Amino acid sequence: MKRVLELTTDAEAEAEAFLDQDLSNPDFKAFKPMRFETAPKAAALNMRLPKALREAVKVKGLPYAGYLRKLLEADVASSR
């Protein structure tokens with residue numbers, strides 16, 4: 001299996017180099033799964049958190065609204 005060239009910028013030359021490589025047998029071990037949100041968000045939630053908790057989530061570099069949504073989804077899925 002061949003290692004797939006990784007794009008690090010949106011430069012045209014880099015994109016062309018990516019497309020010029022042989023993609024017939026890529027090494028998928030380096031790929032990371034991605035989650036795409038397709039369900040519409042029709043309900044809003046307003047929540048008050050201790051500042052320290054909000055800051056701790058921000059230190060992790062996570063958008064806290066999405067992080068909380070993932071936690072809620074995981075909890076609901078595990079209780080089914």
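Report follows, based on the coordinates. Since the structure is predicted, the reported quantities are computational estimates derived from the model, not experimental observations. (Residues numbered from 1 in each chain as written. Predicted model: local features only at pLDDT ≥ 70, side-chain atom pairs only at ≥ 80, totals over all residues. Heavy atoms only, no water.)

Looking only at helices and strands, the protein has three helices and zero strands in total. When the helices and strands of the protein are read in sequence order from the N terminus, they spell out α-α-α. Considered along the principal axes of its C-alpha atoms, the protein spans approximately 50 × 30 × 25 Å. A buried classification covers 9% of the 80 residues belonging to the protein. Considering only contacts within the protein whose residues lie at least 6 apart along the sequence, 33% involve residues at least 24 apart. As displayed, the protein offers around 7600 Å² of accessible surface, 60% of which is attributable to carbon and sulfur atoms. Each charge sign in the protein was given a centre, from 14 positive and 12 negative side chains, and these centres are 14 Å apart. (Helix = DSSP H or I, 4+ residues; strand = E, 2+ residues; numbered from the N terminus. Buried < 20%, exposed > 50% of the residue type's maximum accessible area, 1.4 Å probe, protein only. Contact = heavy atoms within 4.5 Å. Areas by Shrake-Rupley, 256 points an atom, 1.4 Å probe, with all protein chains shown as cover. Lys, Arg positive; Asp, Glu negative; His and termini not counted. Charge placed at Lys NZ, Arg CZ, Asp CG, Glu CD.)

On to the environment of Ala-15. Positionally, Ala-15 belongs in helix 1 (residues 12–20). According to the relative accessible area criterion, Ala-15 is partly exposed, its value standing at 31%. Along the backbone, Ala-15 and Leu-45 are 30 residues apart, and their C-alpha atoms lie at a distance of 40 Å.

The full count for this structure, using the stated rule, is one salt bridge. The partner of Glu-55 in a salt bridge is Arg-54, and the shortest N-O contact between them spans 4.0 Å. By relative accessible area, which is 31% here, Arg-54 ends up partly exposed. (Salt bridge = Lys/Arg side-chain N within 4 Å of Asp/Glu carboxyl O.)

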